[in-house]
Amino acid sequence: MDKDKLFEQNNHSASAQKMCQQSSAKKQKRRMLLKGGAALPVVMTLYSGAALARTSNITGEAASITEAVFVNMGNGPQLLCVLPKEKLDSGAYDLGDTPGYTLITNPPIHPLTDDPATILAKKNEQLENCHMLGGIMISGAAFTSIAAKTSAFDNLMIL
Amino acid sequence: MRWLSNNFRMLLVANWNDEYTVFQPDSGKTHFFNQTSMDMLSFLSQRPASTEEICDYLSRQSGQAPDKNFQDNIEKILYHFDALGLIKKES
């Protein structure tokens with residue numbers, strides 16, 4: 001092996017080692033950050049298509065009526081009341097492969113004439129009626145996730 | 001203003017040597033928490049608390065005196081938690 005080639009090879013080896021060291025230092029820094037060296041909180045969220053890639057339709061009930069999905073078929077907002085297959089030990093609901101649902105029509109909501117407080121009260125009444133049927137309200141995020149991989153919610157117009 | 005956790009019992013939490021993956025079923029999102037973030041969320045799952053109370057608690061946990069910078073960071077994370085639907089303001 002001539003001198004130039006040996007130099008080149010050593011040079012490559014040195015730069016590979018340097019890259020490795022830099023990568024290791026980066027990893028170390030990241031570990032420090034994640035471990036909270038300064039006791040600072042760290043939160044990272046996976047925003048990929050993971051939600052859509054779920055193989056089961058498991059969800060929790062929407063946290064509040066303001067997050068629930070309402071459908072307007074031309075006669076005012078109606079609560080999308082999803083009928084779960086079963087409630088899991090974790091408290092989540094399994095909606096099954098093709099979630100069943102019903103639209104709650106009672107009491108009817110008139111967006112043009114009802115004031116906001118009345119609309120909210122009526123939405124809560126619709127929720128009570130949904131619960132009486134054994135159903136749950138779901139959030140927009142859960143709806144989008146489930147609608148993307150089943151045809152259960154096709155042709156619904158979301159308010 | 002006081003904060004409290006939102007559907008904490010629904011979260012699926014896995015502990016990876018004091019780092020946590022947290023699956024939030026109602027949004028389908030997965031979060032990564034360090035110990036301090038998990039301490040914050042589990043503290044708020046037990047009772048509502050103000051930002052100052054949370055800072056005091058975390059300072060005691062870590063043995064560090066809270067300063068303005070620390071409190072600002074905690075507040076930012078609280079608003080981030082709120083945006084993710086992990087906590088809510090006490091009504």
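Up top is the structure these notes are about.
Residues numbered from 1 in each chain as written. Chains lettered and ligands numbered in written order. Predicted model: local features only at pLDDT ≥ 70, side-chain atom pairs only at ≥ 80, totals over all residues. Heavy atoms only, no water.

Draft legend 1. Representation of the overall build of chain B. A count of helical and extended segments in chain B gives 3 helices and 6 strands. Of the regular secondary structure in chain B, the N- to C-terminal order runs β-β-β-β-α-β-α-α-β. When the 91 residues of chain B are sorted by exposure, 45% land in the buried category. Taking contacts inside chain B between residues at least 6 apart in sequence as the whole, the part at least 24 apart equals 52%. Carbon together with sulfur atoms contributes 48% to the accessible area of chain B, which is approximately 4500 Å² in total. (Helix = DSSP H or I, 4+ residues; strand = E, 2+ residues; numbered from the N terminus. Buried < 20%, exposed > 50% of the residue type's maximum accessible area, 1.4 Å probe, protein only. Contact = heavy atoms within 4.5 Å. Areas by Shrake-Rupley, 256 points an atom, 1.4 Å probe, with all protein chains shown as cover.)

Draft legend 2. Looking closely at the pairing of strand β2 (residues 12-15) of chain B. All names here are of chain B. In this sheet, strand β3 (residues 20-24) lies alongside β2 in antiparallel orientation, the contact comprising 4 bridges. From the neighbouring strand, Leu-12 faces β3, where its bridge partner is Phe-23. Between β2 and β3, which pair antiparallel one after the other, the connecting turn spans 4 residues, and Asn-17 there sits at a positive phi close to 55°. (Pairing = 2+ DSSP bridges.)

Draft legend 3. Molecular detail of helix α3 (residues 68-84) of chain B. Residue and element names in this part refer to chain B. With 17 residues, α3 extends 24 Å between its outermost C-alpha atoms, agreeing within 8% with the 24 Å of an ideal straight helix rising 1.5 Å per residue. Of all the positions in α3, only Phe-70, Ile-74, Ile-77, Leu-78, Phe-81 and Leu-84 are classed as buried. One face of α3 carries all of its buried residues, which in axial projection span an arc of 125°. In α3, the exposed positions angled more than 90 degrees off the buried face are occupied by Lys-68, Asn-69, Lys-76 and Ala-83. Between the side-chain oxygen of the N-cap and the backbone nitrogen of Asn-69 there are 3.3 Å, and the N-cap of α3 in question is Asp-67. After α3 finishes, the residue Gly-85 shows a positive phi value of roughly 85°. (Expected span 1.5 Å × (residues − 1). Arc of directions from axis to C-beta. Polar contact = N/O pair within 3.5 Å; in protein donor to acceptor, adjacent residues only side chain to side chain.)

Draft legend 4. Quick peek at the sheet that holds β2 of chain B. Pairing is antiparallel in the open sheet, where 4 strands are placed in the order β1(A)-β4(B)-β3(B)-β2(B). The open sheet has two free edges, formed respectively by β1 (43-46) of chain A together with β2 of chain B, since each of these has just one partner strand. Adjacent strand axes in the sheet meet at a mean angle of 20° when their direction is disregarded. Relative to strand β4 (residues 29-33) of chain B, β1 of chain A runs antiparallel, the two sharing 4 bridges. From the neighbouring strand, Thr-45 of chain A faces β4 of chain B, where its bridge partner is His-31 of chain B. Strand contacts of α3 of chain B: β1 of chain A together with β3 and β4 of chain B, with the helix running at about 25° to β1 of chain A, the strand carrying the most contacts. (Axes fitted to C-alpha atoms, helices over the stretch in contact; angles between N-to-C directions.)

Draft legend 5. Main features of the side chain of Gln-126 of chain A. Residue and element names in this part refer to chain A. Residue position: Gln-126 is located in helix α2 (residues 116-132). With a relative accessible area of 0%, Gln-126 lands in the buried category. There is a polar contact of 3.4 Å between the side chain of Gln-126 and the backbone oxygen of Ile-104. Setting aside residues up to four positions removed in sequence, Gln-126 forms contacts with Phe-70, Pro-77, Gln-78, Leu-79, Ile-104, Thr-105, Asn-106, Pro-107 and Ile-109.

Draft legend 6. Structural view of the interface of chain A and chain B. Every contact between the two is made by 28 residues of chain A and, on the other side, 31 residues of chain B. Counting across the interface, chain A meets chain B through 0 salt bridges. Here chain A and chain B share 3 residue pairs in polar contact (both at pLDDT 80 or more) between them. Elements with a contribution of two residues or more to the side of chain A that touches chain B: α1 (3-35), β1, β2 (58-59) and α3 (140-149) of chain A. (Salt bridge = Lys/Arg side-chain N within 4 Å of Asp/Glu carboxyl O.)

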